Amino acid sequence: MSHRTLVTNANIYTMADDGRMARSILIEDGRVAALDPAADTPADEVIDAGGATLLPGLIDGHAHMEMLAYAWGIAVDHRFPAVDTMVKLLERIAAKVAETPKGRWILGQGNHYQDQLLAEKRYPDRDDLDRVAPDHPVVCRFSFHINVLNSKALEVLGVDENTPDSNGGRLEREPGTGRLTGRTIDMWDEIDGPDWPLDELLPALVIAQDSYLSGGVTSLCEFTMLPGGVDAFLEMEKNGDLKIRVTAYPKLPRVASFDEACDGTLAARYAGGDPEQLKMGGVKLFLDGGLTSRAAAMHEPYYGTDILGDLAFEPEVYKEAVRRLDEAGHQICVHAIGDLALDTAIDAYAALGEGRDPATGRHRIEHAGNAFWTADRAQRFHDHGILPVPQAPFIHTTAPGYRKNLGPDRGKGLFPFRTMVVEQGFAVPGNSDAIGIHPRQHFPFFGMYCLMTREMSNGEVLDTDELLDFPTALKMYTRHAARSIGREHEIGSLEPGKLADFVVLNTDPATLPAGDLAMLHADETWIGGRKVWAAA
């Protein structure tokens with residue numbers, strides 16, 4: 001039986017093309033039926049919003065809810081500033097060891113650049129971890145790119161001095177002896193780092209989902225990094241535990257092989273469920289490592305070093321992989337941060353030919369625009385219909401480290417959002433790339449705060465010429481993000497026929513000082529016309 005809900009007395013940002021505002025919204029069977037319907041419109045339920053503001057459901061256009069689940073529901077938290085010495089870090093690991101059966105894995109979660117934040121000015125190594133965990137495999141994660149393993153973990157994974165470095169990654173070795181330090185740079189997949197059991201991952205995903213919902217997020221572009229992540233999301237959808245909408249982009253070749261992606265085997269795993277709730281959107285590739293770990297592939301060495309980083313694929317091999325995936329109908333999202341990786345990724349897309357929409361793009365380059373954004377590269381993105389996906393929260397969390405690694409010349413012009421969105425017309429999606437490093441990075445309002453203030457974690461402000469206003473920032477986390485995953489006809493605005501996903505706020509965020517957005521939460525979050533989260 002059809003069910004109608006009428007929400008009245010609201011301040012509704014529809015985000016429709018015409019910029020229309022509304023005062024009431026009629027919802028029928030999970031979709032928007034009408035805006036500002038007649039006062040005598042029949043409804044099964046009438047809700048007086050009391051003047052509250054309604055926004056379209058916010059969308060994280062580059063999400064890692066799986067990684068947030070590990071960080072917040074499974075890992076030992078050893079993040080700065082609570083942990084500012086090696087002693088404190090090891091104490092936290094030791095406490096987990098004391099309550100964990102021997103032989104079971106222990107995961108720790110730290111910060112970007114925590115080697116610069118600890119009093120000792122270094123990351124732990126295997127010997128540090130061995131002192132408190134001789135019988136448990138331990139990995140301390142400081143980003144997805146930097147993982148430190150103890151001796152037991154190296155033993156369990158079969159990693160030793162004879163294990164080769166990968167393309168785009170390396171095992172740190174002691175000078176002179178070649179002994180492994182336990183520190184690894186972009187090697188997690190190559191050494192077959194473990195998934196956690198499903199019975200541990202599922203409740204951790206619920207924790208991460210609730211946090212997203214509290215921030216007004218109703219949809220994710222989810223980059224699934226580990227095979228168990230696919231299993232977990234499928235299980236949540238089957239059991240009715242998946243409230244947030246997920247468009248999944250499994251990582252190749254860790255989650256599935258290129259053959260499985262191209263022959264339909266991978267896509268078949270998502271068949272049979274509710275595609276409005278969980279669907280496969282495409283695939284995720286990595287062409288280089290992280291700039292934070294100095295593993296992103298560069299034309300010239302990192303500042304003050306001889307380190308260039310490496311490509312994860314030879315250019316011609318990568319180009320052929322892109323061709324196959326494109327022919328199979330996949331949207332391709334490739335991680336490419338260094339300028340060499342960026343140019344290699346553009347070349348591969350350019351080889352596919354013309355005919356793609358230059359305003360929205362079909363294929364994406366994740367992190368394009370964080371650095372190395374030039375007029376020539378922008379033109380190539382336009383020419384080949386490629387969508388750049390830089391990360392607004394990185395302005396706060398990561399920009400100081402970028403500037404240190406790139407030096408005074410290449411460290412200029414970071415995160416030029418106004419140039420990209422307003423002047424060059426790219427439909428850049430709002431997104432977080434949050435894996436648990438910062439407690440608020442995954443909240444869209446925190447991202448908007450970064451776009452509107454450009455305040456870095458060191459207290460400095462980055463290039464005020466690139467500031468954006470609230471309407472533009474909101475559009476990035478709604479319409480642009482929906483378009484970036486091919487769902488602009490379902491979500492991203494409140495218009496008749498679209499899914500009734502929205503956020504309720506007791507204050508109008510457009511009237512707040514930009515700095516206040518950093519701490520803003522939703523008061524209610526609705527998905528498909530149902531309230532799925534409410535502030536206590």
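Here the structure is a predicted model, which is why all the values come from computation and not from measurement.

Evaluated as defined, the whole model comprises two cavities of 30 Å³ or more. Of the pockets and cavities examined, the largest cavity occupies roughly 230 Å³. Together, 23 residues line the largest cavity, and His-112, His-145, His-367, Phe-394 and Asp-433 are the ones closest to its centre. The residue makeup of the lining of the largest cavity, split by class, is 10 nonpolar, 11 polar and two charged. Considered as a void within the structure, the second largest cavity measures approximately 40 Å³ in volume. For the lining of the second largest cavity, the class distribution of residues is three nonpolar, five polar and one charged.

Within the element layout of this structure, Cys-450 appears in helix H16 (residues 444-453). Note on Cys-450: relative accessible area 0%, which makes it buried. As for Cys-450 and Arg-487, which are separated by 37 residues in sequence, their C-alpha atoms are 25 Å apart. Setting aside anything within four residues of it in sequence, one finds Cys-450 in contact with Ala-392, Pro-393, Ile-395 and His-396.

Let us now look at unusual backbone geometry. Keep in mind that most residues, glycine aside, have a negative phi and that most peptide bonds are trans. Following Phe-80, the chain continues into Pro-81 via a peptide bond in cis, with omega recorded as 10 degrees. Looking at the element boundaries, Pro-81 is found in the loop between strand E9 (76-77) and helix H2 (86-98). With omega at 0 degrees, the peptide bond leading from Leu-252 into Pro-253 counts as cis. Positive phi values are uncommon outside glycine, yet Asp-29 reaches one of about 50 degrees. Structurally, Asp-29 is set in the loop between strand E4 (25-28) and strand E5 (31-35). Positive phi is not limited to glycine here, since Asp-433 has a value of about 50 degrees.

Along the chain, Glu-466 falls in the loop between H16 and helix H17 (470-484). Although Glu-466 lies buried, it forms no salt bridge, and the closest oppositely charged side chain, Arg-454, sits 5.5 Å away as judged by the N-O distance. Those residues in contact with Glu-466, other than ones at most four positions away along the chain, are Phe-415, Pro-416, Phe-417, Arg-418, Thr-419 and Arg-454.

The rules behind these values
- Residues numbered from 1 in each chain as written.
- Predicted model: local features only at pLDDT ≥ 70, side-chain atom pairs only at ≥ 80, totals over all residues.
- Heavy atoms only, no water.
- 1 Å grid on protein atoms, 1.4 Å probe; cavity = no way out; pocket = protein on both sides within 12 Å on 5 of 7 lines; lining within 4 Å.
- Points joined across faces, edges and corners; volume = space filled by probe spheres on them.
- Nonpolar A, V, L, I, M, F, W, Y, C, P; charged D, E, K, R; others polar.
- Helix = DSSP H or I, 4+ residues; strand = E, 2+ residues; numbered from the N terminus.
- Buried < 20%, exposed > 50% of the residue type's maximum accessible area, 1.4 Å probe, protein only.
- Contact = heavy atoms within 4.5 Å.
- Lys, Arg positive; Asp, Glu negative; His and termini not counted.
- Salt bridge = Lys/Arg side-chain N within 4 Å of Asp/Glu carboxyl O.

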